[in-house]
Amino acid sequence: MLLGSYDLRQPLGIYWTPSPIFLHERECPYTETVDAVAPIVHANPLVSVRAYDADHLCLYDLGRVCPGGDVAEPLRRALDDSRTLFVNIHTARPGCLLSRVERVTD
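If you're wondering where the values come from, they're calculated on a predicted model, not measured in any experiment.

Quick notes on the rules
- Residues numbered from 1 in each chain as written.
- Predicted model: local features only at pLDDT ≥ 70, side-chain atom pairs only at ≥ 80, totals over all residues.
- Heavy atoms only, no water.
- Pairing = 2+ DSSP bridges.
- Helix = DSSP H or I, 4+ residues; strand = E, 2+ residues; numbered from the N terminus.
- Phe/Tyr/Trp six-rings, centres within 6.5 Å; stacked < 30°, edge-to-face > 60°.
- Buried < 20%, exposed > 50% of the residue type's maximum accessible area, 1.4 Å probe, protein only.
- Lys NZ or Arg CZ within 6 Å of the ring centre and 35° of its normal.
- Salt bridge = Lys/Arg side-chain N within 4 Å of Asp/Glu carboxyl O.

Some words on the pairing of strand β6 (residues 97-102)
Consecutive side chains along a regular strand alternate between the two faces of the sheet.
Thought 1: With 5 bridges joining them, strand β5 (residues 86-91) and β6 adopt antiparallel strand pairing. Pairing of H90 across the sheet is with L97, part of β6.
Thought 2: The hairpin turn running from β5 into β6, its antiparallel successor, is 5 residues long, and G95 in that turn takes a positive phi close to 85 degrees.

So this is what it looks like as structure tokens:
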């Protein structure tokens, strides 16, 4: 197994953190979806929803830790807040990035 580190593009500044890279035995394509939560989020027993504003500052009042299957409500709450630029969803214990979420504009 080869373990590497991925430098997250955002957030910048004091909330920036590296995240591990896990290599799969078989190819797994990159995906972008609209109005759907990544299956890996739902599969995790505990996730951290972290909302960030345009200055890449964490919006602590919107942050939540919950089971992956219950992520819809805290994610919706963060995206409904006009201060939110993007949301990162991490595993709650080790802190690995699972998904980045952005508001879709028409």
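What follows continues from the structure just given.
Regarding the packing of aromatic side chains
Thought 1: A full pass over the atoms with the stated rule returns 1 aromatic pair.
Thought 2: Between the aromatic rings of Y52 and F86, the centroid separation amounts to 5.1 Å while the plane-to-plane angle is 20 degrees, which identifies the pairing as stacked. Pair noted here: Y52 is in strand β3 (residues 47-52) and F86 is in strand β5, with a separation of 34 residues, a long-range link. Accessibility classification places Y52 together with F86 in one group, the buried group.
Thought 3: One residue, R100, lies across the ring of F86, its end atom 4.2 Å from the ring centre.

Description of unusual backbone geometry
Thought 1: Unusually for a residue other than glycine, D35 sits at a positive phi of about 60 degrees.
Thought 2: On the secondary structure map, D35 appears in the loop between β2 (18-21) and α1 (39-43).
Thought 3: Since its relative accessible area comes to 80%, D35 is described here as exposed.
Thought 4: Located in the positive-phi region is H56, a residue other than glycine, with phi close to 65 degrees.
Thought 5: Given a relative accessible area of 9%, H56 falls into the buried group.

A look at the pattern of salt bridges
Thought 1: Across all of its chains, the model carries 3 salt bridges by this definition.
Thought 2: Ionic pairing is found between D61 and R83, a salt bridge with its closest N-O pair at 2.8 Å. Pair noted here: D61 is in the loop between β3 and β4 (64-66) and R83 is in the loop between α2 (72-80) and β5, with a separation of 22 residues, a long-range link.
Thought 3: The residue R83 makes a salt bridge to D81 at a minimum N-O spacing of 2.9 Å.
Thought 4: Among the ionic contacts, a cluster of salt bridges with common partners joins D61, D81 and R83.

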